[in-house]
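A look at the structure
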Amino acid sequence: MPAISRSAPGKLILCGEHAVVYGQPAIALPVMQICSKTMVSAKPLTSRGTVRIIAPKLGIDQDLSTLPATSPIKRSLELIMDHFHLDHLPACEIRVSSNIPIGSGLGSSASSSVSLVRAVAEFLGHRLSEPEINQLAYEMERIYHGTPSGIDNTVVTFAKPVYFVREKPIEFLDIPKSFELIIADTGIHASTAQAVAGVKEQYLKSPNKFGALFEKIGNLSIQTRQHLLAGQIAEMGPLLTQNHHYLKQMGVSCPQLDKLVSAALKSGAYGAKLSGGGLGGNMLALVDHSSAQTVEESLVNAGATSVIHSRVHSSAEITE
Ligand code: PMV
């Protein structure tokens with residue numbers, strides 16, 4: 001039996017993170033240059049039910065039975081088994097690999113979850129619909145993050161730009177004009193669960209202040225969506241930068257993120273902000289093609305540990 005291999009992209013939150021947990025809209029984009037991959041190979045000659053898990057980035061190379069009950073990968077596989085009413089998997093090797101940095105706001109956990117669900121389901125002889133994959137990946141995100149909004153698993157599953165509001169139908173965005181982003185890593189690993197918990201704590205202490213910030217961020221997402229759909233790229237810049245300031249007021253930025261944001265703005269970006277949970281991880285700069293190189297260099301000079309130059313394709317470019 002040939003090995004089954006399935007992949008899923010990384011993602012970026014263009015605007016609206018954190019506020020999205022509280023019902024405000026947010027926009028997320030797939031990042032196709034980075035991805036995770038799960039490969040499942042049958043091992044019929046090993047003893048019944050032996051499942052070897054290999055996930056180099058997590059430092060895992062051991063039998064599933066020896067992983068602790070709290071291991072996210074073990075719990076994710078249990079979710080898949082429950083879904084198919086199985087009490088064990090056939091003997092196999094499951095290898096999860098990824099070039100998405102962990103804890104950096106680029107969707108590493110959602111991407112691994114989606115590739116894991118796809119590959120294991122197909123290995124078991126099932127073809128899940130995209131909404132079913134999305135639902136299972138959401139449940140896995142809950143293992144990783146506690147109370148995720150669901151935006152990460154959604155954008156990664158469908159690999160399309162999304163305008164996302166919790167518990168509302170997903171709106172896929174038809175982008176008329178492609179644009180460019182520079183994504184820069186602070187090199188600081190940060191826990192989304194911790195960032196989300198910190199915001200919740202502050203919100204419970206100051207509900208009026210935080211409620212108002214969430215609403216202001218939601219309004220920025222609404223305006224960004226309008227410009228995006230009208231192909232008004234430069235007009236999105238100040239909205240993204242304003243979003244960063246609100247996130248800073250919420251306490252989820254850090255000096256290195258602020259430094260990268262200001263370096264991007266000084267070197268000609270239309271706008272810049274942290275992206276994802278914050279407290280470290282990545283920021284994004286919206287750039288014109290002519291300033292991309294300069295912004296990229298200034299981000300490296302300001303201490304970015306890695307930089308991705310990403311083109312967000314228009315719908316026409318995707319169907320070409
Ligand atoms: O996984 P991250 O770090 O990109 O953050 C996801 C976005 C949050 O709004 C902070 C959390 C969520 O579940 O929506």
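Below or above, wherever it landed, is the structure these notes cover. (Residues numbered from 1 in each chain as written. Predicted model: local features only at pLDDT ≥ 70, side-chain atom pairs only at ≥ 80, totals over all residues. Heavy atoms only, no water.)

Of regular secondary structure, the chain possesses 10 helices and 11 strands. Compactness check: the chain gives a C-alpha radius of gyration of 20 Å against a globular reference of 20 Å for 320 residues, within 12% of the reference. With respect to the principal axes defined by its C-alpha atoms, the chain has extents near 60 × 50 × 40 Å. Residues classed as buried in the chain amount to 53% of the 320 residues present. Intrachain contacts of the chain at a sequence separation of at least 6 include 73% that bridge at least 24 residues. Summed over all atoms, the accessible surface of the chain reaches about 13,900 Å², with 53% contributed by carbon and sulfur. Of the side chains in the chain, 27 bear a positive and 27 a negative charge, and the two mean positions are spaced by 4 Å. (Helix = DSSP H or I, 4+ residues; strand = E, 2+ residues; numbered from the N terminus. Rg over C-alpha atoms; globule rule 2.2 N^0.38 Å. Buried < 20%, exposed > 50% of the residue type's maximum accessible area, 1.4 Å probe, protein only. Contact = heavy atoms within 4.5 Å. Areas by Shrake-Rupley, 256 points an atom, 1.4 Å probe, with all protein chains shown as cover. Lys, Arg positive; Asp, Glu negative; His and termini not counted. Charge placed at Lys NZ, Arg CZ, Asp CG, Glu CD.)

What follows covers the site of the ligand. Neighbouring residues of the ligand: 15 residues in total, closest Lys11, Ser149, Asp152, Thr192 and Gly277. Here Ser149 contributes a side-chain N or O atom positioned 2.5 Å from an oxygen atom of the ligand. Measuring from an oxygen atom of the ligand, one finds a side-chain N or O atom of Asp152 at 2.8 Å. For the ligand, whose free accessible area comes to 370 Å², the fraction covered by protein is 95%. Elements that contribute at least two residues to the shell around the ligand include exactly strand S1 (4-15), helix H4 (151-158) and helix H5 (192-205). Its residues placed into classes, the shell around the ligand shows 6 nonpolar, 6 polar and 3 charged. (Near = heavy atom within 4 Å. Polar contact = N/O pair within 3.5 Å; in protein donor to acceptor, adjacent residues only side chain to side chain. Nonpolar A, V, L, I, M, F, W, Y, C, P; charged D, E, K, R; others polar.)

Opposite charge on two side chains makes pairing possible when the charged atoms of those side chains draw close. Under the counting rule described, the total for this entry stands at 13 salt bridges. Taking the shortest distance from any N to any O, the salt bridge between Glu122 and Arg6 comes out at 2.7 Å. Note that Glu122 is positioned in helix H2 (residues 108-123) and Arg6 in strand S1, a separation of 116 residues in sequence. Given a relative accessible area of 28%, Arg6 falls into the partly exposed group. In this structure, the salt-bridge partner of Arg311 is Glu180, at a minimum N-O distance of 3.7 Å. Here the residue Arg311 occupies a position in strand S11 (residues 306-312), and Glu180 occupies one in strand S8 (residues 179-185), the gap between them amounting to 131 residues. Take Arg311: its relative accessible area is 38%, and that puts it in the partly exposed class. In this structure, a network of salt bridges that share partners links the residues Arg6, Glu122 and Arg127. (Salt bridge = Lys/Arg side-chain N within 4 Å of Asp/Glu carboxyl O.)

What follows covers H4. For H4, the tally of buried residues reaches 8 of 8 residues, placing the bulk of the element in the interior. Burial in H4 covers these residues: Ile151, Asp152, Asn153, Thr154, Val155, Val156, Thr157 and Phe158. As for H4, its buried residues are in contact with S1, strand S2 (26-42), H2, helix H3 (130-145), strand S6 (162-164) and strand S7 (171-172). Looking one or two residues past H4, Ala159 carries a phi angle of roughly 50°, positive in sign.

This part is about the packing of aromatic side chains. One pair of aromatic rings is described through two measures. These are the centre distance and the angle between the planes. Within this structure, the stated rule accounts for 5 aromatic pairs. Here a set of aromatic residues connected by ring pairs shows up, and it is made of Tyr22, Tyr203, Phe210 and Phe214. A cation sits over an aromatic face here: Lys160 above Phe172, 4.9 Å from the ring centre. Lying across the ring of Tyr163, Arg225 places its NZ or CZ 5.3 Å from the centre. (Phe/Tyr/Trp six-rings, centres within 6.5 Å; stacked < 30°, edge-to-face > 60°. Lys NZ or Arg CZ within 6 Å of the ring centre and 35° of its normal.)

What follows covers the pairing of strand S9 (residues 271-274). Residue alternation in S9 divides its side chains into two sets, Gly271 and Lys273 and Ala272 and Leu274, and both sets are buried. Here S9 pairs with strand S10 (residues 282-287) via 4 bridges, running antiparallel. If you follow Lys273 over to S10, its bridge partner there is Leu284. (Pairing = 2+ DSSP bridges.)

Our focus in this paragraph is the nonpolar core. Grouped together as the largest cluster of nonpolar side chains are 42 residues, with contacts concentrated most on Ile53, Leu77, Ile80, Leu89, Ile94 and Val120. It is H2 that provides the largest number of residues to this core, a total of 8 residues. Apart from residues no more than four positions distant in its own chain, Ile80 is found in contact with Leu116, Val117, Val120, Leu124 and Met140. Counting 31 residues, the second-largest nonpolar core is a separate cluster that includes Ala19, Leu220, Ala269 and Val295. (Core = buried A, V, L, I, M, F, W, Y, C linked by side-chain atoms within 4.5 Å.)

What follows is about the environment of Ile308. Counting through the fold element by element, Ile308 comes out in strand S11. We classify Ile308 as buried; its relative accessible area is 18%. Distance from Ile308 to Ile34, taken between C-alpha atoms, is 9.3 Å for residues 274 residues apart in sequence.

Tracing the chain through its elements places Val155 in helix H4. In sequence terms Val155 and Leu12 are 143 residues apart; their C-alpha atoms lie 8.8 Å from each other. Excluding residues within four positions of it along the chain, Val155 makes contact with Lys11, Ala28, Leu29, Pro30, Lys160 and Val162.

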